[in-house]
Amino acid sequence: MSTVDFIRHVKLSTARLPLAVPISDAKVFTGRQKPMTEVVFLFAEITTELGHTGLGFSYSKRAGGPAQYAHAKEVAEGLIGEDPNDIGKIYTKLLWAGASVGRSGVATQALAAIDIALYDLKAKRAGLSLAKFLGAYRDSVQTYNTSGGFLNASLDEVKARATVLLEEGIGGIKIKVGLPDTAEDLRRVAGIREHIGWDVPLMVDANQQWDRATALRMGRQLEQFNLIWIEEPLDAYDFEGHAHLANVLDTPIATGEMLASVAEHKGLINANGCDIIQPDAPRVGGITQFLRLAALADERGLGLAPHFAMEIHLHLAAAYPREPWVEHFDWLDPLFNERLETKNGRMIVPDRPGLGVTLSDQARAWTTETVEFGA
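Rules behind the numbers
Residues numbered from 1 in each chain as written. Predicted model: local features only at pLDDT ≥ 70, side-chain atom pairs only at ≥ 80, totals over all residues. Heavy atoms only, no water. 1 Å grid on protein atoms, 1.4 Å probe; cavity = no way out; pocket = protein on both sides within 12 Å on 5 of 7 lines; lining within 4 Å. Points joined across faces, edges and corners; volume = space filled by probe spheres on them. Helix = DSSP H or I, 4+ residues; strand = E, 2+ residues; numbered from the N terminus. Contact = heavy atoms within 4.5 Å. Pairing = 2+ DSSP bridges. Axes fitted to C-alpha atoms, helices over the stretch in contact; angles between N-to-C directions. Nonpolar A, V, L, I, M, F, W, Y, C, P; charged D, E, K, R; others polar. Buried < 20%, exposed > 50% of the residue type's maximum accessible area, 1.4 Å probe, protein only. Phe/Tyr/Trp six-rings, centres within 6.5 Å; stacked < 30°, edge-to-face > 60°. Core = buried A, V, L, I, M, F, W, Y, C linked by side-chain atoms within 4.5 Å. Parallel < 35°, antiparallel > 145°, perpendicular 65-115°, else oblique.

Enquirer: Quick question: what am I supposed to make of the layout of surface pockets here?
Expert: Gaps between atoms show up when a probe of the same size as a water molecule is rolled over them. The computed volume of the largest pocket comes to approximately 450 Å³. Along the walls of the largest pocket sit 31 residues, with Gln-33, Lys-61, Arg-62, Met-258 and Arg-283 positioned nearest its centre. For the lining of the largest pocket, the secondary-structure elements that each account for two or more residues are strand E3 (53-60), helix H4 (106-126) and strand E5 (172-176). Counted as a void, the second largest pocket has a volume near 280 Å³.

Next comes the structure, spelled out in structure tokens:
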């Protein structure tokens with residue numbers, strides 16, 4: 001017998017997570033962005049009349065964090081009184097409440113924190129991890145690290161960090177490329193490949209900074225390093241260019257992290273623009289939207305490697321039919337009381353209910369604004 005429940009309280013907050021050192025990828029070295037010094041988060045905490053709770057979050061690595069928070073504040077009151085089971089209905093309601101600014105980008109990224117919180121709540125109420133609630137295919141997922149391979153670090157620093165990560169159970173190493181000096185890119189890739197050996201999975205990420213000719217030339221030269229993938233060799237919206245690379249290169253092409261809606265991912269998929277798709281649940285609007293595009297990707301036989309936010313994406317990757325990858329970033333560790341475990345190259349799905357994370361005192365201390373709705 002089911003029990004009627006409804007949402008009685010919603011708390012939104014925004015927090016600024018400072019990074020230990022300024023982070024640079026190829027976009028900094030091409031002059032398009034400044035080094036990243038912080039990540040801004042939007043947290044949604046939802047409580048029902050029967051005392052069930054859910055936590056979700058979205059984020060922005062540069063501009064946009066305050067806009068996400070502002071948009072969420074405008075529409076969140078519409079949650080009060082709704083049945084938390086009706087996640088799709090709630091998403092649509094809030095989407096149309098703010099539809100005048102569009103149905104992608106900031107508008108849906110603001111809803112992502114709420115949508116994820118509702119899934120967390122529903123899985124916790126069922127006493128299941130989110131992966132099990134969705135229907136897991138596996139209890140652990142291949143994992144690779146990105147946070148140790150940025151371009152602000154010297155090659156020696158990247159090597160040292162890779163050694164530590166592999167000893168800690170990480171299964172693969174990704175490094176950034178896309179420098180104006182392509183010879184330096186090749187030197188760094190050769191150096192890290194020699195350091196970690198040929199049996200360790202290695203990926204590279206150009207962060208959209210090559211033109212088509214450079215991407216093709218570099219792709220051919222990178223074939224010798226037996227890479228798992230080349231990530232974002234071209235502008236994120238150059239679906240045709242990515243499709244050409246995927247067709248002519250032996251190394252798989254991965255992209256999708258910068259796309260901000262299911263519709264944009266559908267364009268990439270229909271163009272055959274990648275071998276491995278890299279959606280980001282907070283960027284596309286939450287778990288409701290992620291599951292839609294994951295179904296499209298599976299239908300086309302694509303690999304999956306969700307971007308960032310491993311606390312969310314571990315569960316979603318575990319529920320993907322094809323063997324995926326999950327991206328390991330240690331940046332978010334201070335925000336949560338719990339830690340994800342890596343072992344033998346894989347990240348273990350926690351058996352804690354829901355996402356399996358709770359906000360730390362440090363996350364509260366970094367909070368800059370809060371607003372609450374309901375009783």
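From this point on, the discussion continues.
Enquirer: Can you help me understand the environment of His-244 in this one?
Expert: Structurally, the position occupied by His-244 is in helix H9 (residues 239-248). Counting along the chain gives 28 residues from His-244 to Asn-272, while the straight-line C-alpha distance between them is 8.8 Å.

Enquirer: I keep staring at the side chain of Thr-48 and nothing clicks. Help me out?
Expert: Tracing the chain through its elements places Thr-48 in strand E2 (residues 36-48). For Thr-48, the residues in contact, after removing those within four places along its chain, are Asp-5, Phe-6, Ile-7, Arg-8, Pro-84 and Leu-121.

Enquirer: Would you mind going over the sheet that holds strand E1 (residues 7-23) with me for this structure?
Expert: Pairing within the open sheet is antiparallel, and its 4 strands lie in the order E3-E2-E1-E14. Either end of the sheet is taken by a strand with one partner, and the two such strands are E3 and strand E14 (367-374). Strand after strand, the sheet turns through a mean of 20 degrees between neighbouring axes, direction not considered. One ladder, built from 12 bridges, connects E1 with E2; its direction is antiparallel. Looking at E2, one finds that Arg-16 is bridged to Val-40.

Enquirer: When you look at empty space enclosed by the protein in this model, what are you seeing that I'm missing?
Expert: Applying the stated criterion across every chain, the model contains 3 cavities of 30 Å³ or more. In this structure, the largest cavity encloses a volume near 50 Å³. Around the largest cavity, the lining residues are Met-310, Glu-311, Asp-333, Glu-338, Arg-339, Leu-340 and Val-357. When grouped by side-chain class, the residues that make up the lining of the largest cavity number 3 nonpolar, no polar and 4 charged. Here the second largest cavity defines a volume of roughly 40 Å³. Every residue lining the second largest cavity is listed: Ile-87, Ile-90, Tyr-91, Leu-94, Leu-111, Ile-114, Asp-115 and Leu-118. Where the lining of the second largest cavity is concerned, the elements lending two or more residues are helix H3 (87-97) and H4. Among the residues making up the lining of the second largest cavity, the classes are represented as 7 nonpolar, no polar and 1 charged.

Enquirer: Even after reading the chapter, I still don't get the pairing of E2, so can you show me in this structure?
Expert: Working note: regular strand, side chains alternate between the two faces of the sheet. Burial of E2 is extensive: 11 of the 13 residues sit out of reach of the surface. Looking at chain direction, E2 and E3 are connected through 8 bridges and run antiparallel. Counterpart to Ile-46 in the pairing with E3 is Gly-54. Between E2 and E3, which pair antiparallel and follow one another directly, the connecting turn spans 4 residues, one of which, Gly-51, has a positive phi of 90 degrees.

Enquirer: When you look at the packing of aromatic side chains in this model, what are you seeing that I'm missing?
Expert: Working definition: an aromatic ring pair is given by the centre-to-centre distance plus the angle between the planes. The final tally for this structure, using the stated rule, is 15 aromatic pairs. With 5.7 Å between their ring centres and 40 degrees between their planes, Phe-57 and Phe-336 make a pair best called tilted. With Phe-57 in strand E3 and Phe-336 in the loop between strand E11 (325-328) and strand E12 (342-343), the pair connects residues that are 279 residues apart, well separated along the chain. Each member of the pair Phe-57 and Phe-336 is classed as buried.

Enquirer: In this structure, what is going on with the nonpolar core? I would like to understand it.
Expert: Counting 68 residues, the largest nonpolar core has Phe-41, Ile-46, Leu-79 and Trp-331 as the members making the most contacts within it. The greatest single-element share of this core, amounting to 10 residues, is contributed by H4. What Trp-331 contacts, discounting residues up to four positions off in sequence, is Leu-17, Leu-19, Ile-23, Met-36, Val-39, Lys-61, Ser-147, Phe-150 and Phe-308. Core analysis: the second largest hydrophobic core is formed by 29 residues, Val-158, Ala-162, Ile-175 and Ala-246 among them.

Enquirer: Would you take a moment to explain the packing of H4 against helix H12 (residues 287-299) for this structure?
Expert: How two helices sit against one another is set out by the angle between their axes and by the gap between those axes. Interhelical geometry of H4 versus H12 gives an angle of 90 degrees and a closest axis separation of 8 Å. Here H12 runs roughly perpendicular to H4, going by the angle between their axes. For the pair formed by H4 and H12, the contact residues are Asp-115, Ile-116 and Tyr-119 on the first element and Ile-287, Thr-288 and Leu-291 on the second. Split into classes, the residues belonging to the contact of H4 with H12 amount to 4 nonpolar, 1 polar and 1 charged.

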